[in-house]
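One-letter residues, chain by chain:
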Amino acid sequence: MEDPALQTPPPSSESIEHGNATLSWDEMIEKSLSNFGWMQFLQCILVAVATYFDAQQSFVSIYADDYPTWHCTNTNTTTCTKSSDICRLPKSSWSWDSHPSKTIISHFGLECSSNFVTGLPQSSFFIGCLLGSFALAALADSSLGRKNMLIISCLSMSVTSMLIIFSTNVWIYSTFKFLIGFWRSTIGTSVLVLLTEKVSAEWRFTVGIVEYFCFTMGYVSLPGIAYVNRNSSWKTLYICTSVPTICYSVVAYLFVTESPRWLLTQGREKEALKILQGVSKNGVVLHASLPKVDAKEKVSFFQLYASIGELFKKRWALVRTVAVMVLGIGVGMVYFGMPLAVGNLGFNIYLAVVFSASMEIPSCIATYFLENYKRRPSILAFSIVGGVCCVMCAVIGDGRLRGVKIGLAMASFFGACTAYNVFLIFIIELFPTCVRNTTTSLVRQAIVFGCIFSPFLISAGRKNNFFSYGVFGVVLMLSNLTLLCLPETKGIVLCDTMDQQEKKETSMNEMGDRVNV
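The shown structure was predicted, so the numbers you read here are calculated from the model rather than taken from an experiment.

Engineer: Which residues make up the packing of aromatic side chains, and what values do they have?
Structural biologist: Counted under the stated rule, the structure contains 26 aromatic pairs. Plain terms: the ring middles of Trp 94 and Trp 96 are 5.0 Å apart, the flat faces sit at 85° to each other, and that makes the pair edge-to-face. Judged by its relative accessible area of 9%, Trp 96 falls in the buried class. The rings of Phe 59, Phe 215, Tyr 219, Tyr 335, Phe 336, Phe 413 and Tyr 420 are connected pair by pair, giving a single aromatic cluster. Here Lys 147 stacks its cationic end above the ring of Tyr 253, 5.6 Å away from the centre of that ring. Sitting above the plane of the Tyr 227 ring, Arg 230 keeps its charged end 4.0 Å from the centroid.

Take a look at the structure:
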């Protein structure tokens, strides 16, 4: 028997039929979601919380992989001094300042290992993110959907994070870091796409801020967790950040709803109507007799990635994909590289991360007020701010102006954060529903690709700041040249198919030509 919630209700003053015109699926979704109520707000919060845990796993290495401080055990000898090379001293002449297993450096005895070995875990994490984005991205657009992909990613990431405490050497530890990166690779994408598809165009930018805020809170929480456990093993950090994520995965499975837009692309109209019926408060009557959406056939494993192939069929889609991926490398390198480079500032690592993380808050506020401004100029302006400040950090170096350098580093991170936030909204608006999750994931792959080299650049930057801050700034500014290939998207209504997107833009271009004439 048909669900009563999906049966056609009696006519009302604001029926889905207006005169002789019947609303399309796109128009019906926009009308149903236009009144942003408490139910939608709670759904958005519940979805966005996933990025809180994502941020913790992304930056936990700042503390777990840090090089701990040490002291000489015999102060009556000149053989051991604070400026001595620890690798040239007898093991009995020095000791770590805190817990011998505070970080993996002290736990695995890596104090004299090469920069490649000590940087391997974080690079493995980013490699896992890169491969995970490629392997899992299309599944959220095809068979699994946004909700299931999000839950699987969170649960798998947290379980792997629990298992990492059983690592006995840096190689096993790096393998687990790779797996953590692999599973968390789709969390940000799934959250952003699910949030923006649950609301109308009017609220799309606003809910995007919710994701950034939750990610910021996850980042800000790390110094507190690390400071409380400063005399404990690095394993405690992973336990404290993974157990809550497991609990969240269960809650999300029970209460998060799927994207109605994605359900329609799968031919599941009744489920989409039921979700829309629960959030529609503006009197729109949801008819079960709307035009039938063709259900997708069962596809093979290889056909699951057909959405990637769709991007190569249209020249405009291919140009946009390449352009946003190049832009993503520049913006992402600074956004993720600067927090990981706080150790190069020569400042208290707990306060350095607090200062860095605090820049995310004004960035979120700035992003909120940029809602009514065009996307391309916003990204360009804040990228230039971030890039120039990065280069200035490299020029100043480590001298009496260390305080100025710290301020420039914070300003650079603020510019990169704001550009990154607007950029993620921008790519959502550039592509239709059928490939939106895929293109967003491809961009994140590009971001992570640049991040793979960040640990090595940061390591080289300990001796020469240009190899870290200088390279970050130059790459960020040069990547913005790709904005010339991309259209403005402020205020547009999201499309569901490639043909709809192409027809809409053709119509807009023709209208613009008439205005110019």
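Engineer: How would you sum up the nonpolar core? Please name residues and give values.
Structural biologist: Ranked by size, the top nonpolar core spans 117 residues in total, and within it Ile 62, Tyr 63, Tyr 238 and Phe 423 carry the most contacts. Considering every element that reaches this core, the biggest residue donor is helix 19 (residues 402-430), with 17 residues. In this view, Tyr 63 contacts Thr 103, Leu 222, Pro 223, Ala 226, Leu 237, Ile 349, Tyr 350 and Val 353; residues no more than four positions away in its chain are not counted.

Engineer: Please give an account of empty space enclosed by the protein that cites residues and values.
Structural biologist: Taken as a whole, this structure holds three cavities of 30 Å³ or more when the rule is applied. For the lining of the largest cavity, the elements supplying multiple residues, two or more each, are helix 3 (50-59), helix 10 (201-228), helix 15 (315-340) and helix 19. Considered as a void within the structure, the second largest cavity measures approximately 80 Å³ in volume. Contributions of two or more residues to the lining of the second largest cavity are made by helix 6 (115-141) and helix 20 (433-452). Of the residues in the lining of the second largest cavity, the class split is six nonpolar, two polar and two charged.

Engineer: Go over the confidence of the model for the protein chain, please, and point to the residues and values.
Structural biologist: With 82% of its residues at a pLDDT of 70 or more, the protein chain shows a mean pLDDT of 79. The weakest mean pLDDT in the protein chain belongs to strand 1 (residues 17-18) at 44; the strongest belongs to helix 8 (residues 170-184) at 95. Below pLDDT 50 for its whole length, residues 1-21 participates in 32 contacts with residues either more than four positions away or in separate chains. Note that pLDDT drops below 50 for residues 293-304; the model gives that stretch 15 contacts with residues more than four away or on any other chain.

Engineer: Can you explain the side chain of Thr 367? Please cite residues and give values.
Structural biologist: Relative to the elements of secondary structure, Thr 367 occurs in helix 17 (residues 360-369). Excluding its chain neighbours within four sequence positions, the residues that come into contact with Thr 367 are Phe 205, Ile 209, Tyr 212, Thr 418, Asn 421 and Val 422.

Engineer: Hey, could you go over the packing of helix 18 (residues 375-396) against helix 22 (residues 469-479) for me, with residue numbers and the actual values?
Structural biologist: Angle between the axes and distance between the axes are the two parameters that describe a pair of packed helices. With their axes 7 Å apart at the nearest point, helix 18 and helix 22 run at an angle of 155° to one another. As far as their axial angle goes, helix 22 and helix 18 are roughly antiparallel. Both helix 18 and helix 22 take part in a crossing whose hand is left-handed. For the pair formed by helix 18 and helix 22, the contact residues are Ser 383, Ile 384, Gly 386, Gly 387, Val 388, Cys 390, Val 391, Cys 393 and Ala 394 on the first element and Tyr 469, Gly 470, Phe 472, Gly 473, Val 474, Leu 476 and Met 477 on the second. Residues belonging to the contact of helix 18 with helix 22 are distributed by class as follows: 11 nonpolar, five polar and no charged.

Engineer: Give a detailed account of the pattern of salt bridges, specifying residues and quantitative values.
Structural biologist: Scanning all chains against the criterion turns up three salt bridges. Close ionic contact of Asp 54 with Arg 184 constitutes a salt bridge, the shortest N to O distance being 2.8 Å. Taken together, the positions of Asp 54 in helix 3 and Arg 184 in helix 8 put the pair 130 residues apart, joining distant regions of the chain. Taking relative accessible area as the criterion, Arg 184 reaches 8% and is therefore assigned buried. The partner of Glu 111 in a salt bridge is Lys 91, with the nearest N and O atoms 4.0 Å apart. Linking Glu 111 in the loop between helix 5 (104-107) and helix 6 with Lys 91 in the loop between strand 3 (70-72) and strand 4 (94-96), this pair joins segments that are 20 residues apart in sequence. A relative accessible area of 15% places Glu 111 in the buried class.

Engineer: Explain the environment of Gly 415 residue by residue, including any values.
Structural biologist: For Gly 415, the location among the structural elements is in helix 19. For the pair formed by Gly 415 and Val 385, sequence separation is 30 residues and the distance between their alpha carbons is 5.6 Å. Excluding residues that lie within four positions of it along the chain, Gly 415 makes contacts with Phe 382 and Gly 386.

Engineer: Before we move on, can you summarise helix 3 with the specific residues and values?
Structural biologist: Extensive coverage of helix 3 is indicated by the burial of nine of its 10 residues. For helix 3, the complete set of buried residues consists of Ala 50, Thr 51, Phe 53, Asp 54, Ala 55, Gln 56, Gln 57, Ser 58 and Phe 59.

Engineer: Residue-level account of the state of the cysteines, with values.
Structural biologist: Two cysteines whose sulfur atoms are joined by a covalent bond form what is called a disulfide. Taken as a whole and judged by the stated rule, the model has one disulfide. Between the sulfur atoms of Cys 87 and its disulfide partner Cys 112 the distance amounts to 2.1 Å. Residues Cys 87 and Cys 112 are joined through a disulfide that is left-handed, its torsion about the S-S bond being -120°. A residue pair is termed long-range when its members are at least 10 positions apart, and Cys 87 in the loop between strand 3 and strand 4 and Cys 112 in the loop between helix 5 and helix 6 qualify at 25 residues. Judged by relative accessible area, Cys 87 falls into the partly exposed class, the value being 39%. Cys 389 forms no disulfide, and the closest cysteine sulfur to it belongs to Cys 393, at a distance of 7.1 Å. Owing to a relative accessible area of 12%, Cys 389 belongs among the buried residues under this scheme.

Cut-offs used in this document
Throughout this description, residue numbers start from 1 for each chain and increase along the sequence as written. Per-residue local features of the predicted model are confined to residues with pLDDT of at least 70, and side-chain atom pairs are confined, for both listing and counting, to 80 or more; whole-chain, interface and lining totals are unaffected and use all residues. Here the side-chain values reflect all heavy atoms present in the structure, with hydrogen atoms and water set aside. Think of it this way: a Phe, Tyr or Trp ring, Trp meaning its six-membered ring, pairs with another when their centres are within 6.5 Å, and the plane angle makes it stacked under 30 degrees, edge-to-face over 60, tilted otherwise. Only protein chains enter the area calculation, which uses a 1.4 Å probe; residues under 20% of their type maximum are buried, those over 50% are exposed, and those in between are partly exposed. Criterion for a charge above a ring: Arg CZ or Lys NZ at most 6 Å from the ring centre, at most 35 degrees from the ring normal. To qualify as a nonpolar core, a set must consist of buried Ala, Val, Leu, Ile, Met, Phe, Trp, Tyr and Cys residues joined through side-chain atoms within 4.5 Å. Comment: elements are numbered from the N terminus, with helices defined as DSSP H or I runs of at least four residues and strands as E runs of at least two. Residue contacts are counted whenever heavy atoms from the two residues lie within 4.5 Å of one another. Space inside and on the surface of the protein is sampled on a 1 Å grid over the protein atoms alone, with a cavity defined as a set of points where a 1.4 Å probe fits but cannot get out and a pocket as an open set with protein on both sides within 12 Å along at least 5 of 7 lines; lining residues have an atom within 4 Å of a point. Grid points are joined across faces, edges and corners, and a volume is the space filled by probe spheres set on the points. Polar here means any residue outside two lists: the nonpolar Ala, Val, Leu, Ile, Met, Phe, Trp, Tyr, Cys and Pro, and the charged Asp, Glu, Lys and Arg; Gly therefore counts as polar. Values of pLDDT, ranging from 0 to 100, describe the predictor's confidence in every residue of the model. A fitted line through C-alpha atoms represents every axis, and for helices the fit uses only the stretch in contact; the resulting angles, taken between N-to-C directions, go from 0 to 180 degrees. Here the angle decides the label: under 35 degrees means roughly parallel, over 145 means roughly antiparallel, 65 to 115 means roughly perpendicular, and every other value means oblique. By definition, turning the near helix anticlockwise from the far helix through less than a right angle yields a left-handed crossing, and turning it clockwise yields a right-handed one. By convention in these notes, a salt bridge is any Lys or Arg side-chain nitrogen within 4 Å of a carboxyl oxygen on Asp or Glu. Count a disulfide wherever a pair of cysteine sulfur atoms falls within 2.5 Å.

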